[in-house]
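What the coordinates show
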Amino acid sequence: MGFIKNRFTPKIAVVGGTTFDANKGAVYLRKRGIPCDAIGMNNEPEETAAMYKHPKQIVQLFHEKVGSLQYTDIVIFCNSLSFIHDWKSVYPSRITELTHYYNELLQKVDIPKTAIIVADESTAKNISDLAGRQNITASELNIFPSLDLIKEIEKSTEGEQYHLVKAEIEKYISKGYTEIILACTHLDHPDFFNIAEVKIHQPGLEMLEEFIASQQNA
């Protein structure tokens with residue numbers, strides 16, 4: 001894995017629906033030598049889930065906390081926040097987000113055998129809508145909102161977080177799923193790519209790796 005030479009002033013913002021996923025994404029980049037700021041839209045998962053019911057308010061808050069500042073790159077390390085608005089239409093040259101990963105992902109997975117774990121009902125609906133535009137009906141999808149798990153993760157130590165998510169993965173393996181999409185960055189961990197019994201998709205980490213590569217090649 002490559003590393004980036006440090007800059008004195010971070011020009012990159014990693015943004016999450018909560019402070020938790022913003023920090024998680026920022027730590028991932030910093031470990032690879034990319035200085036960045038972490039900015040959460042909210043502190044608590046429940047507050048954030050409620051906020052997603054009011055997209056216009058999120059767009060305004062996003063502009064105040066991130067968009068109006070002088071960041072050259074804004075990385076949205078949050079599935080739910082990525083789906084809530086067409087961010088590239090507002091910040092076309094500055095945004096890295098997750099929705100385009102799903103356009104490809106939903107075409108290559110075995111839909112009936114794929115469990116999609118999301119944070120909340122809002123994200124479930126947005127993924128279902130995107131799938132519908134690819135002629136995949138809602139009834140074909142296996143989407144599981146898991147807000148209680150997300151809240152538990154935020155209260156746990158790093159080791160506990162790993163075991164909570166691993167237990168969730170094992171639950172879906174036992175139900176016969178052969179692929180799992182971790183559609184919430186709270187769930188991401190590089191080690192999950194190595195689970196042999198099931199194919200794990202982590203769009204959040206895959207996005208960060210692509211972003212790191214783009215910085216190395218800049």
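Described below are features of the structure shown in this document.

**Points about the pairing of strand β5 (residues 114-118)**
Both faces of the sheet carry side chains from a regular strand, because those side chains alternate between them. β5 sits mainly inside the fold: five of its five residues count as buried. Residue alternation in β5 divides its side chains into two sets, Thr114, Ile116 and Val118 and Ala115 and Ile117, and both sets are buried. As judged from the five bridges shared by β5 and strand β7 (residues 179-183), these two strands associate in the parallel manner. When the bridges of β7 are listed, Thr114 appears paired with Glu179. As paired elements, β5 and strand β6 (residues 142-145) share four bridges and run parallel to each other. Within β6, the residue paired with Ile116 across the bridge is Ile143. Between the parallel pair β5 and β6, the chain is carried across by helix α7 (residues 121-132), and the sense of this crossover is right-handed.

**Concerning the pattern of salt bridges**
Enumeration according to the criterion identifies seven salt bridges in this entry. With its nearest N and O atoms 2.7 Å apart, the salt bridge here joins Arg32 to Glu209. Residue Arg32 is found in the loop between α1 (19-31) and β2 (37-42), and its partner Glu209 is found in helix α10 (residues 203-216); the two are separated by 177 residues along the sequence. By relative accessible area, Arg32 is classed as buried at 6%. We note a salt bridge from Lys155 to Glu152, for which the minimum N-O separation is 3.8 Å. Judged by relative accessible area, Lys155 falls into the exposed class, the value being 65%. Of the residues examined, Glu152 reaches a relative accessible area of 36% and is grouped as partly exposed.

What counts, and at which threshold
- Residues numbered from 1 in each chain as written.
- Predicted model: local features only at pLDDT ≥ 70, side-chain atom pairs only at ≥ 80, totals over all residues.
- Heavy atoms only, no water.
- Buried < 20%, exposed > 50% of the residue type's maximum accessible area, 1.4 Å probe, protein only.
- Helix = DSSP H or I, 4+ residues; strand = E, 2+ residues; numbered from the N terminus.
- Pairing = 2+ DSSP bridges.
- Right-handed = clockwise from strand over helix to strand, strands pointing away.
- Salt bridge = Lys/Arg side-chain N within 4 Å of Asp/Glu carboxyl O.

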